[in-house]
Each structure stands twice: as C-alpha cells, then as structure tokens.
Protein chains: 2
Amino acid sequence: MLENKKEEKFAEWYIELVEKAELMDYSPVQGSMIIRPRAYAIWQAVQDVLNAKMKADGVENAYFPIFIPENLLKKEAEHFEGFSPEVAWVTHGGNEQLGERLALRPTSETIMYVQFSKWIRSHRDLPLKINQWCNIIRWDTKALKPFLRTREFLWQEGHTAHATKEEAEEMVLKALDWYRVLCEEYLCIPVLLGKKGKNETFPGADYTTTIETLMPDGKALQAGTSHLLGQNFAKMFDIKFKDARSEEQFAWQTSWGVSTRLIGALAMMHSDNKGLVLPPKVASLQVVIVPITGGGDDSAMVLQAAGRMEKTLMDAGITVKTDNRDDKTPGFKYNYWEARGVPLRLEIGFRELAQRGATAARRDTGEKDFVSEEKIVQICEGLLEQIQENLFNKAKSFVKANIHTARDFTDFKAILDERKGFVMSPWCGDPRCEEAIKEETSATIRLIPFNDEPHGKCVMCGRDALHTAFFARSY
Amino acid sequence: MLENKKEEKFAEWYIELVEKAELMDYSPVQGSMIIRPRAYAIWQAVQDVLNAKMKADGVENAYFPIFIPENLLKKEAEHFEGFSPEVAWVTHGGNEQLGERLALRPTSETIMYVQFSKWIRSHRDLPLKINQWCNIIRWDTKALKPFLRTREFLWQEGHTAHATKEEAEEMVLKALDWYRVLCEEYLCIPVLLGKKGKNETFPGADYTTTIETLMPDGKALQAGTSHLLGQNFAKMFDIKFKDARSEEQFAWQTSWGVSTRLIGALAMMHSDNKGLVLPPKVASLQVVIVPITGGGDDSAMVLQAAGRMEKTLMDAGITVKTDNRDDKTPGFKYNYWEARGVPLRLEIGFRELAQRGATAARRDTGEKDFVSEEKIVQICEGLLEQIQENLFNKAKSFVKANIHTARDFTDFKAILDERKGFVMSPWCGDPRCEEAIKEETSATIRLIPFNDEPHGKCVMCGRDALHTAFFARSY
C-alpha cells in the first residue's frame, strides 16, 4: 500500500507511485530523471505501435544532430521566441570555448529543414516523411514532475513536406489519429481531438491539433500534438520544388510528436493505492505466477505445475514469469507485483494442485477466479482482454463524466474549483478573452473540437461565440 | 559510377560513397552529421539483433540523463582524465548561468553507477544488467570522418554488476561474442577477438576486450569493446551488496558497447566504385524490380507481371519494391539502385515476359541469371543467402591475407608501409615499447589474442616476449 492515498493527496501519491513502482529514479541533475526498465518497456511498446504505423505510411526513421547553432535556431523568429527561454546552451568543447554557442535541440524543425531544402528539388521528391526518436532538452523552470515535466525527455518527432496544403492537412490528421489509436487502444487513455487556440499553438505553425485527456485529479493533459506548419518554415529555409509544370513552389509542412510524458499519463490514469496498474498490451510482464509451497514433496509438485503453466503461457505468446524467490512469502510477492502493475497473477498452492489449475487474480479489480490448467491459455487471454477493456472503459466514463457546460463565468469558475475537469464554453475567438480567463482561473483552452458548432455568447466578454472551446487547468 | 576509385583514392571514395548512397549528410555544426534513413535502417537492424540477444540474457533497456555534473564525472580520476579533453559543457539553461557546468555524456558509467549503488543491496539484486541506446558526445579534434569519427554518435552501452569476478568476466566475453555474431553473421564483417594493451584500455577498467577488423585500405578498425571494470567504480560509487553470509562486498562490473561507426565500417568494407553494397540481412530493401516497358499493351503486361512478382516476394517476407518511375530509363534505375546498395535486382521486359520470369542481377558480383516466376521465392532467397555468404567470405579472405608476421623492426615498418594490414609481433609487454612503436610508425596494438602463445623477442627492445600482439594503423 502506498502511504499517500490517490483520493486524498493526489500529487504526493503520484510521486510515491512512480518511484515505488520503479518507473523512475531521481538523477543528480535537478529536473532530469532516470527512466527505469519497467517504464522504458512501455516506451518500447509505444515505439513498436508507432513504427508500424509510420512504416506502412512511408515515414522513414533518421537521426539529426542534437546541436543547433544559435543563428539557425533564430531563423524563424516566432519559433525562436517560443523556445529560447528554455534552451540549454553548450559553450565549451573540451578546453576550447566555441565560436558560436550551440543549442541542445528543444525540437528539430530548424536543423531538419536545412536538409529538407537540399533534398527537395522536384514534386517527385514529395512527400518527404522523416521521423526521429531522440532526446529533447527544455530547460523548464516550472515545477518539475516525473515524466510530465522534466528537462530532458524522449520523444518522436515526425516531419513531412508535401506539394499541397490539402495533403499536408491530411497528414496532420493522420498522425493525430495514430496517436488516438495508440492512446485509446494500447494505453487505455481516452482522448478528445481538436485544435488549439492561438495561445497554445506551436511557435511557427499555422495551427496545432491535439489529443487531450483528463487525469483523475481533474487536470487536463496534452497527450500529443500534430501541427500544420504551412509554408512558414519553407519560406525561411527555402524549401522549394518544381511542380509538374516546372513552376517553383514552396512546400507545405507538418510536424507531430508524442513523448515519454505518456508514461506518466498512463501511470496516473489507471494506478491505485496498491501501486501501478498497467494495460496488458503495454505491460512488459503480463502474468506472474506465485507458487505457494510449504516444503516437502507437494512443494516440488507445485513448482512443477507452475513451471508447466509458465511454459504453456509463454508458448502462447503471453509474457509470464514465475516468482520462485525462496526468501519471500506469497503475501509479500502479491504486494510486490501489484505495486509493479502486473495485470494478472496466478496463485498455485495445494488446493489448486488438487484441482489441476490455478487461482487467477486480476490487478484492476482484484477479482479472483479458478482457472483449470486445460483452458489456461484461453482463459488468461480472455482475462487480459477484459482488463484492457475495463481500464479503457473506466477511464472513458471518467473523462465523459467530467466534461461540464458552464452557463456563465460564475458557473465556469465554480465548476473549475469544485468539480474540476473540462468546461465547455462558448468563446468569441479573441485571444484576449483566453488570456483573461487564464489569469482569473489558471484554465486554458485545451482544444476546440473539429466538429465545432458554436452557439451562445462568449463566457468572458458576452460577444457572439466563434467557437465552443474546452477549458481546463492542465499539466 | 563514383568519381573517386576505391583502389586509387580510398579516403575520397569513402566520403563520396556515403554521401551519394544517401547514408549521411553534413550538418551545420562541424563534426556532427545526419544519419539518413538508409543508414538508420542498418542501425535498426543492429538494434534488433542485439536487443534479442540482450533480452534472452536478462539485460533490460533503460534511459539515463545526458547531463553529468562535473563533480560526478570527476569521481573516478582515471576515467575523468581519459574523457575530459573531449567533453562538451553546458553552462547556461535559458537565460541563467548554471551553478555547476554539466558534461554531455561521453559515456555513462558515472551517472549510472550512482543509481547502481542505490539499487543494489543484497546478492539477490545481482546480477544487475542494464543497457541503454542513446546519443554520445565526444568533442573530438582529430580529423573527422562520417560515421567513424563524429562529435555526436549513437550507441548502446551495456552496464552490469555481478557478485563475483568470474561472473563479470563471463559477461565481458558473452557481450563480445554477441558483437562477433552481429558483425560476422549480419554485417559480413569478420573480426579478430582479443584484449587491448594498457594504452588502449578503457579509462577506469581493469582490462578491455575488443573485436577488430581491417578496412580495404589496410587500416584496422575497432568494431566494439567490452570492459571488465573490476571493482574500481564500485569502490568509488560505493556499490556494495551483502553476500549469502551477510558480509558486505563490492560488486564486480562490466560495460560494453557498439556504435553507429559500424555503419561506416560496413559501407567501407563491401562497397565498390558503383556505390554501396549491403548484406541482404541488414538491407532495408533486399530486392528492387525494374520493369522495362516500351509503351503499348505489352507494357501493361510487364507492369502486371512486376506487380505479381512483387507481391509473391513480399508475402514470402522479402523486402521488395518496384521502381515504377515513368520519367527514368531502366539504365538510370540500375545505376540508381546499385549506388544505394540493393542486393538483388529483377529486370522484367518483353523477353522475360515471354519466358514467364525475370532476369536477376546480383549487386555483389554483377552476375545475371534468368529466374522463372514459378520458383521466384526459392531462387531469390537462395541468391540473397549466397550474397550474404559471398560478402563475408570475401572480407574474411581479405583480412586473413593481411595478417603479416614481422621478423624484426625493419621488416615491421616495411610491412606497415608497403603491405598494410595487421603485423603480428612478439612484444615484451612494456607500454614504453608500445609507445615507441606508435611514435615511429603510427601503429598501435589493436589486440592481443586470447589464445596468446608468445615466443621470440620483443620487436622493439629485444627482450623476451610476453605477448604476441597485433599491431596496425587504425581508424
């Protein structure tokens, strides 16, 4: 059991959770952290899902330098302005001071697009679709939080160039949908899709699309973004192509990314006071077998049965491990693996031996059921599917139940303070109203739904609404 | 055809090769480069091979920060001395000067072992086996060369802790053998295994083992290393465990790594004046189909046959693509894909159509053969295997033919100047002789074979030999 309760001290509970579940550890450098194997395995699952989707769509993986010369980063003014407060600078190599200081990439548009302008000549070179998996440095000074806000994190960044705006916009939505599938079908994190307001748009982009979710404490979390860069960078970096009629055109570009913050979102969303809860599809260990022995001949038979079932499950493609430690009690082992989020536990003692089976305990609900050895694969597969489904449905109901509608600004503030979650409100479209709301409530526009059907008056200024926006306090 | 010939201007040929084959591109920061998709795909193949081996052995992937505080890097004196001339330093985050400057990891022993000392308490926590895939920064001032010497590169670094020296030594050799298999069976790079002399030992290690190969210009190349760190770091970082009798012991450690320099070694080893040659097992595209059409009804049938064969090969798990570009001639396409190293080309024209098949052209030998559509999978699989084998055998013969024995130091120098390659020589074991040889010839001890049977007198000083060492000039 964690010392902090999720319902009472959410922030403390999360910090205790990620450390005790061995997802992370603190490093000697403030604001950077160690991603431990159990968390990194989730990241590898994310990589597998996205790599498969990207490959099928012709996106190729590559690697660009972490160093960006200051002058290059400055090339797109709005972009530089957006990122420069958070840039870490390298000034010395060995014992030499560098002629020009180098930024550690806060994102890679600038360093990549120098190359894009060399690689793209003709419409036949388009679309160009490049992705990289890499570390990102942002010298954030806000309160740091494991996975959710750290000065170094891992991400993938996709960068594409297209002949037309239509193709680029299609790519923006396609990437966003990959992220939706990743979050909902693998991480069991339900998301809302939409556009950002101007204040939250990526620096240098025409517009930003986003997937947003809601954490159990009622704060929103941005899980991934996909930007239409338009021709802004193409004009700065001279990314031109000859079209079919040999006329020169600027390319249309997109960029999109998800990061290791998803690991934090996942942990926060599903876990409980016993520790981590992991969706079976991304758990590096899906089933743990705990043999319950008392010494003597029967013990050997229990261990034998455990080994047999482990092998059967493994052969069926389920990741499974038997906890054979002889210096730990079964109770200790239950707690140990529950804290670490293993979706399913099989207990095998004398009673189970006699009945030729095992007792299966679900991590998500705690429910226990007898499983006959004969049908063990089929039943375990079924249970894992049910756990995956249950985690998603629970999260989905939670998010749905926390989308509120505000009648007026008094109501708006009351909802944010008392009920938390998203507040759906008419908004005039004026960034000044967005700013005023943020100042008074700390809430920002998390998204404007794609199928936006505005009606009513702006919750702030009372003018006619241009959008129905989802406001929330956020991570 | 490349402008520089491999036989005449090797160094220029290599530079032209890696650029024209689209393996790399230069970045705006001197000494760092872009790893383009064709090269990154090779790196992903390396990752797949090693991840499978590591996973089976219980090595877990994780991620540690790129930032190492100066004080921490200094903790192991020899280690710091070895790396500090090449360290890049971060001094500013955003607009703030940092209290202590941060090194960008030149290797991760120090930052990892702080954690190891927290994670290891009992002999039951051992062995601990952690690996990370990451970028590495070494501010090298020597002549930079794509893939072989760059200021940023990618690598994996395995770090383990064990209860006994024996187990650690076993791990050192196991990792080295993984590297041997990777190089020989996948990259077709034959390697020699052995230990380094003191001068080339990893800073802070008890000893370093290595796999070495020979490039076509007769210079040796270190392809991977595996170090026994002994208890040196354990003592500095206080990595202790209670053994079975509850007595405190320092852990025994190893570290080992291979990097993206393997991509350069691969390209250098097999390629020719037409461009890149890739072993089928690591080629992201194994077969390219070039339809030869002349317009009219027959053209449609050629394209149909090409599509059919593409599908058949794809279904059999072969990576294949049809080059359908209508603005390029077949001849252009042959050159294009040869430059980019595709192992096998299938040409399909009217003649092939009439015979219900294709003409297969091998990239390695240029040999052409008719392939009937009926047996296309079987024959292509066979040809790909033959290419893989042929590349390895050719390279192996080359390395073998360039291991020379020197009668005396005059002979030693003559071999290095005229015949290049490795010179096997008796050596007294004194680092001063190693130094003297290096000063006079630029050759270093690349390795001392494990099955070292010294005899004769040191080639430098004439004293009794302690080892038979392999000397060479190297990358």
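Quick look at the overall build of chain A now. Regarding its fold elements, chain A presents 14 helices and 25 strands. Computed over C-alpha atoms, the radius of gyration of chain A comes to 25 Å, within 12% of the 23 Å expected from 2.2 N^0.38 for 475 residues, which places it in the range of a compact globule. Seen along its three principal axes, the alpha-carbon backbone of chain A occupies a region of about 80 × 55 × 50 Å. Looking at chain A as a whole, 59% of its 475 residues are labelled buried. Within chain A, residue pairs in contact and separated by at least 24 positions form 68% of the contacts whose partners lie at least 6 positions apart. As displayed, chain A offers around 19300 Å² of accessible surface, 47% of which is attributable to carbon and sulfur atoms.

Looking at chain A, the pLDDT average stands at 95 and 100% of residues meet or exceed 70. Here the prediction assigns the complex a pTM of 0.96, and the interface score ipTM is 0.96.

A separate point is the layout of surface pockets. Residues and elements named next belong to chain B. Of the voids in this model, the second largest pocket is the one considered here, and its volume is about 1700 Å³. In terms of lining, the second largest pocket is formed by 49 residues, of which the most central are Arg138, Lys142, Arg149, Glu200 and Gln222. Of all the secondary structure elements, the ones that give two or more residues to the lining of the second largest pocket are α4 (77-83), β8 (152-162), β11 (220-230), β14 (252-259), α14 (431-441) and β24 (444-449). In the lining of the second largest pocket, the residues fall into 14 nonpolar, 17 polar and 18 charged.

Residue and element names in this part refer to chain A. Here 11 strands make up an open sheet; going across it, the order is β3-β7-β8-β14-β11-β10-β9-β24-β25-β23-β22 and the pairing mixed. The outermost strands of the open sheet, each flanked by one partner alone, are β3 (60-61) and β22 (403-405). Sheet topology places strand β8 (residues 152-162) next to strand β14 (residues 252-259); 8 bridges connect them, and they run antiparallel. Across the sheet, threonine 160 pairs through a bridge with threonine 254, a residue of β14. Lying on the sheet, helix α6 (residues 165-186) is in contact with β7 (128-137), β8, β9 (192-195), β10 (207-214), β11 (220-230) and β14; it crosses β14 at an angle near 10°.

Before going further, it helps to spend a moment on the pairing of strand β25 (residues 467-472) of chain A. Residue and element names in this part refer to chain A. Within β25, 5 of the 6 residues are buried, leaving the element largely enclosed by the surrounding structure. Where strand β23 (residues 422-427) lies against β25, 5 bridges are found, and the strand directions are antiparallel. Within β25, the position partnered with serine 425 by the bridge is alanine 469. Looking at chain direction, strand β24 (residues 444-449) and β25 are connected through 3 bridges and run antiparallel.

Within helix α8 (residues 261-270) of chain A, 10 of the 10 residues are buried, leaving the element largely enclosed by the surrounding structure. Those residues of α8 of chain A not exposed but buried are Arg261, Leu262, Ile263, Gly264, Ala265, Leu266, Ala267, Met268, Met269 and His270 of chain A.

Glancing now at the environment of glutamine 249 of chain A. Residue and element names in this part refer to chain A. Relative to the helices and strands, glutamine 249 resides in strand β13 (residues 248-250). Take glutamine 249: its relative accessible area is 31%, and that puts it in the partly exposed class. Once the C-alpha coordinates of glutamine 249 and glutamate 352 are considered, the two residues, 103 residues apart in sequence, prove to be 72 Å apart. Once residues within four sequence positions are removed from consideration, glutamine 249 is found in contact with Ile239, Lys240, Phe241 and Asp243. Within polar-contact distance, the side chain of glutamine 249 engages the side chain of aspartate 243 at 3.0 Å.

The rules behind these values
- Residues numbered from 1 in each chain as written.
- Chains lettered and ligands numbered in written order.
- Predicted model: local features only at pLDDT ≥ 70, side-chain atom pairs only at ≥ 80, totals over all residues.
- Heavy atoms only, no water.
- Helix = DSSP H or I, 4+ residues; strand = E, 2+ residues; numbered from the N terminus.
- Rg over C-alpha atoms; globule rule 2.2 N^0.38 Å.
- Buried < 20%, exposed > 50% of the residue type's maximum accessible area, 1.4 Å probe, protein only.
- Contact = heavy atoms within 4.5 Å.
- Areas by Shrake-Rupley, 256 points an atom, 1.4 Å probe, with all protein chains shown as cover.
- pLDDT = per-residue confidence, 0-100.
- 1 Å grid on protein atoms, 1.4 Å probe; cavity = no way out; pocket = protein on both sides within 12 Å on 5 of 7 lines; lining within 4 Å.
- Points joined across faces, edges and corners; volume = space filled by probe spheres on them.
- Nonpolar A, V, L, I, M, F, W, Y, C, P; charged D, E, K, R; others polar.
- Pairing = 2+ DSSP bridges.
- Axes fitted to C-alpha atoms, helices over the stretch in contact; angles between N-to-C directions.
- Polar contact = N/O pair within 3.5 Å; in protein donor to acceptor, adjacent residues only side chain to side chain.

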